[in-house]
Amino acid sequence: MAKGYWVVRVDVTDPEQFKIYQAFVGPFLAEHDGRFLVRGGRHTIPEGTARQRTVVVEFPTYEAALKAYDSAEYQGGIAMRENASVVDFVVVEGYEG
């Protein structure tokens, strides 16, 4: 079964407010078998555009990634970052080749 991923591009507009979301999301992901593969860090943009931060979270399955995103707990957590950032968020199924 293919893994699932959250691929998130973020521009932080209010760093202090965003810290509240960051404190929430780490433990949330651990409870839902999600783990950070990429969490900001250095990046280069050889083509196209990007935001300040790129985050990739791996889940055991695509269904687990969707379930975590759709959970009432995470939907509540979105409010913590809503006025503190601009986000592009994709849930994608991994490739098993």
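Use the structure listed above.
Residues numbered from 1 in each chain as written. Predicted model: local features only at pLDDT ≥ 70, side-chain atom pairs only at ≥ 80, totals over all residues. Heavy atoms only, no water.

Q: Mind showing me how you'd approach the pattern of salt bridges here?
A: Side-chain pairs of opposite charge can arise whenever the charged atoms involved come near each other. Counted by the stated rule, this structure contains six salt bridges. Two residues, lysine 3 and glutamate 58, come together in a salt bridge whose shortest N-O distance is 3.5 Å. With a gap of 55 residues between them, lysine 3 in the segment before β1 (4-12) and glutamate 58 in strand β3 (residues 53-59) connect regions that are remote in the sequence. Using a relative accessible area of 38% as the deciding quantity, one classes lysine 3 as partly exposed. On the basis of relative accessibility, which here comes to 9%, the residue glutamate 58 falls in the buried class. Its salt-bridge partner being arginine 35, residue glutamate 58 comes within 3.0 Å of it at the nearest N-O pair. Separated by 23 residues along the polypeptide, glutamate 58 in strand β3 and arginine 35 in strand β2 (residues 35-39) bring together distant segments of the chain. Assessed through its relative accessible area of 48%, arginine 35 is described here as partly exposed. Counted as one network, the salt bridges with shared partners bring together Arg9, Asp11, Arg51 and Asp88. (Salt bridge = Lys/Arg side-chain N within 4 Å of Asp/Glu carboxyl O. Helix = DSSP H or I, 4+ residues; strand = E, 2+ residues; numbered from the N terminus. Buried < 20%, exposed > 50% of the residue type's maximum accessible area, 1.4 Å probe, protein only.)

Q: Hey, could you run me through the pairing of β1 in this one?
A: Sheet faces and side chains relate simply in a regular strand, where the side chains alternate between the two faces. In terms of strand pairing, β1 meets β3 through seven bridges, oriented antiparallel. Bridge assignment links glycine 4 to a residue of β3, and that residue is phenylalanine 59. Here nine bridges tie β1 to strand β4 (residues 85-93), and the two strands are oriented antiparallel to one another. For aspartate 11, the partnering residue across the bridge sits in β4 and is valine 86. (Pairing = 2+ DSSP bridges.)

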